[in-house]
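Structural overview for review
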Amino acid sequence: MKSYLSASQMELRNEYNQIKEQYGEFCKSSLKLDMSRGKPGADQLDLIEGMLTVLAGNQDCYTRNGWDCRNYGLVDGIPEAKALFAELIGVQESELIVMGNSSLNIMYDTMADAMLFGVNGKEPWCKQGTIKFLCPAPGYDRHFTLCETFGIEMIPVKMNADGPDMDQVEQLASSDASIKGIWCVPKYSNPTGITYSDEVVRRFASLKTAAEDFCIYWDNAYLIHDLNAETEPLLDLLAACKQQGTENRVFMFASTSKITFPGAGVALFAASETNIARRKKKLCAQTIGHDKLNQLRHVKYFGCASGVKEHMQKQAAILRPKFDCVLKTLKAELGDKGIASWHHPKGGYFISLDVYENTARRTWELAKNAGVTLTNAGATFPYNQDPRDCNLRIAPTYPSNEELQTAIRILCCCVRLSALEKLLQA
Ligand SMILES: Cc1ncc(COP(=O)(O)O)c(C=O)c1O
């Protein structure tokens, strides 16, 4: 059967009976697969075994200038880690702080800091009344959770194929001084997989904002997470802002969670020298130093920024077949049905699937009952409110290739079944 949208009620009913039976068979297979988070598979983590033993004894615990990493100090990171990661993310060493394990933790601290002490010398947010954020959607659910945690009102912004809808961003940011920021995942975005165009980045750099303490929260979590040898280029926001004199509006975050270990990585905070100095002052009250041995482990294991990139090609060799498997199965099962669309990402961790309108929640529920747990339907939108109830996030990295194949066949069956239920009600 071709497109469901041009089928007769009789054809739809026959199809429904067949797909319902198929669904029943899947339910009997008692699969239990959790695909709700984008986690690296064990095979990806095994690739980095060498990092566990790269510091073999006391003699290996010193920086190149003789600092003992077992001891307190170096709150902004060890010099060789700053050099390596500054090159990797394309900023100056003076614009970077190398921290602990989690970039989400730094984002939380950045928001808490703004709440308590303000941004760029302005009043603390907690004294300013209502604080709002622009949230391109579909987007990363934990950004939305951060906003909810701090009582920040979220305004959804449409996501286009080249980034957030900048007409909307410009209109909103320039007209409302309570809008203090925007969340961005600029490269291989979570979940849509798109990379922001040069024009979008330039428009961010020259954005007119009603709030003087408006900032761009640039979460570059997937900056070198290419699936192929070539990368999708992303214009350097900090450099573009320097040209406009707006560099103090940029907070950049990244980590090695999806490069080395999510449980033992290194996280990065980059900003203008002015904002780095401010942050460093606060950090000195917060800690006497992060885990420097882990920073040293990363440097000794990779050697240099190109060592990290080589390693990511090994990861890509593991991930490519998984993404291919999902995309091929989606095409084979849903390609001609007129009820779903999806993006072909060139990197990152997700495939964003749009199903027939008003069926994402039902699809999620059917999949769950058949043993496949996806990220909750709605989670990719602020307040879990997907206005068209159509977006689902597929995270293909964690399951084995065999499990993934089965899981996506089950998901496609659920997409078809929920669309057929809806079409037969119409
Ligand atoms: C866009 C984005 N930012 C941040 C994170 C979490 O980063 P970290 O492990 O450094 O806290 C994730 C994890 O999935 C992510 O997708």
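Just so you know, the residues in each chain are numbered from 1, in the order the chain's sequence is written. In keeping with the model being predicted, local features are shown solely for residues with a pLDDT of at least 70 and side-chain atom pairs are shown and tallied solely at 80 or more, while totals for entire chains, interfaces and linings include all residues. The basis for every side-chain value is the complete set of non-hydrogen atoms in the structure, without hydrogens or water.

**Looking at the sheet that holds strand S13 (residues 391-394)**
If you walk across this open sheet you meet the three strands as S10-S11-S13, and the pairing is antiparallel. Pairing within the sheet leaves two strands with one partner each, and these edge strands are strand S10 (341-342) and S13. Direction of pairing for S10 relative to strand S11 (residues 351-354): antiparallel, over a ladder of two bridges. Bridge pairing in S11 places Ser341 opposite Asp354. At least two DSSP bridges between two strands are required for those strands to pair. Working definition: helices are DSSP H or I runs of at least four residues, strands are E runs of at least two. Numbering for both runs from the N terminus.

**Let's talk about the sheet that holds strand S7 (residues 215-219)**
Ordered by their spatial adjacency, eight strands build an open sheet running S2-S9-S8-S7-S6-S3-S4-S5, and the pairing between neighbours is mixed. At either margin of the open sheet sits one strand with a lone partner, and together these are strand S2 (96-98) and strand S5 (163-164). Pairing analysis gives four bridges linking S7 to strand S8 (residues 250-255), with the strands arranged parallel. When the sheet's bridge partners are listed, Ile216 is paired in S8 with Val250. Here helix H4 (residues 103-117) sits on the sheet in contact with strand S3 (132-137), strand S6 (179-184), S7, S8 and strand S9 (267-270), set at roughly 155° to S8. Taken strand by strand, helix H6 (residues 166-175) contacts S3, strand S4 (153-160), S5 and S6, and its axis lies near 155° from that of S4. Note on contacts: a residue pair qualifies if any of its non-hydrogen atoms lie within 4.5 Å across the two residues. All axes here are fitted lines through C-alpha atoms, helices being fitted over the stretch that makes contact, and every angle between N-to-C directions spans 0 to 180 degrees.

**Concerning the site of the ligand**
Near the ligand there are 13 residues, and of these Ser103, Asp219, Tyr222, Ser255 and Ser257 occur at the shortest range. Between Leu104 and the ligand, the recorded distance is 3.0 Å, taken from a backbone N or O atom to an oxygen atom. Distance and chemistry together define a polar contact, namely a pair of N or O atoms within 3.5 Å, with one atom able to donate a hydrogen and the other to accept it when in protein, and with adjacent residues in sequence counting only for side-chain atoms on both sides. Between the ligand and Ser257 there is a distance of 2.6 Å, counted from an oxygen atom to a side-chain nitrogen or oxygen. Using a 1.4 Å probe, accessible areas were evaluated by the Shrake-Rupley method; residue-level cover was limited to the displayed protein chains. Bound to the protein, the ligand loses 89% of the 400 Å² it would expose on its own. Residue contributions to the shell around the ligand peak at three residues, all from H4. Residues are grouped as follows: Ala, Val, Leu, Ile, Met, Phe, Trp, Tyr, Cys and Pro are nonpolar; Asp, Glu, Lys and Arg are charged; all remaining types, including Gly, are polar. A per-class count over the shell around the ligand returns six nonpolar, five polar and two charged. Whether a residue is near a molecule or strand is decided by its heavy atoms; if any one of them lies within 4 Å of it, the residue is near.

**Describing the packing of H4 against helix H9 (residues 273-286)**
Axis separation between H4 and H9 bottoms out at 12 Å; the angle between their running directions is 100°. Here H9 runs roughly perpendicular to H4, going by the angle between their axes. The segment H4 lies against H9, with Ile106, Asp109, Thr110, Asp113 and Phe117 engaging Arg279, Lys282 and Gln286. Here the contact of H4 with H9 is composed, by residue class, of two nonpolar, two polar and four charged. These descriptions rest on fixed angle ranges, namely under 35 degrees for roughly parallel, over 145 for roughly antiparallel, 65 to 115 for roughly perpendicular, and the rest for oblique.

**Remarks on the side chain of Thr195**
Within the element layout of this structure, Thr195 appears in the loop between S6 and helix H7 (198-205). Whether a residue is buried, partly exposed or exposed follows from its accessible area with a 1.4 Å probe, protein chains only, as a fraction of its type maximum: under 20%, in between, or over 50%, in that order. Look at Thr195 and you get buried, because its relative accessible area is 10%. Polar side-chain contacts of Thr195 include one of 3.3 Å to the backbone nitrogen of Tyr188. Once residues within four sequence positions are removed from consideration, Thr195 is found in contact with Ala161, Asp162, Pro186, Lys187, Tyr188, Glu232, Pro233 and Leu234.

**Notes on the domain arrangement of the chain**
The split into domains, and so the bounds of each, comes from an automatic or database assignment of domains. Taken domain by domain, the chain comprises domain 1 (4-45 + 309-425) and domain 2 (62-303). A straight line from the C-alpha centre of domain 1 to that of domain 2 covers 31 Å. Opposite the 30 residues of domain 1 that make contact, domain 2 presents 35 residues. In this assembly, domain 1 packs against domain 2 so that about 2,800 Å² is buried in total across both faces, 61% of it on carbon and sulfur atoms. Put simply, buried area is how much 1.4 Å-probe accessible surface two parts lose in total, over both of them, once they are put together. Together, Met312, Lys346 and Tyr383 form the three largest contributors to the area buried by domain 1 at its contact with domain 2, with a combined 22%.

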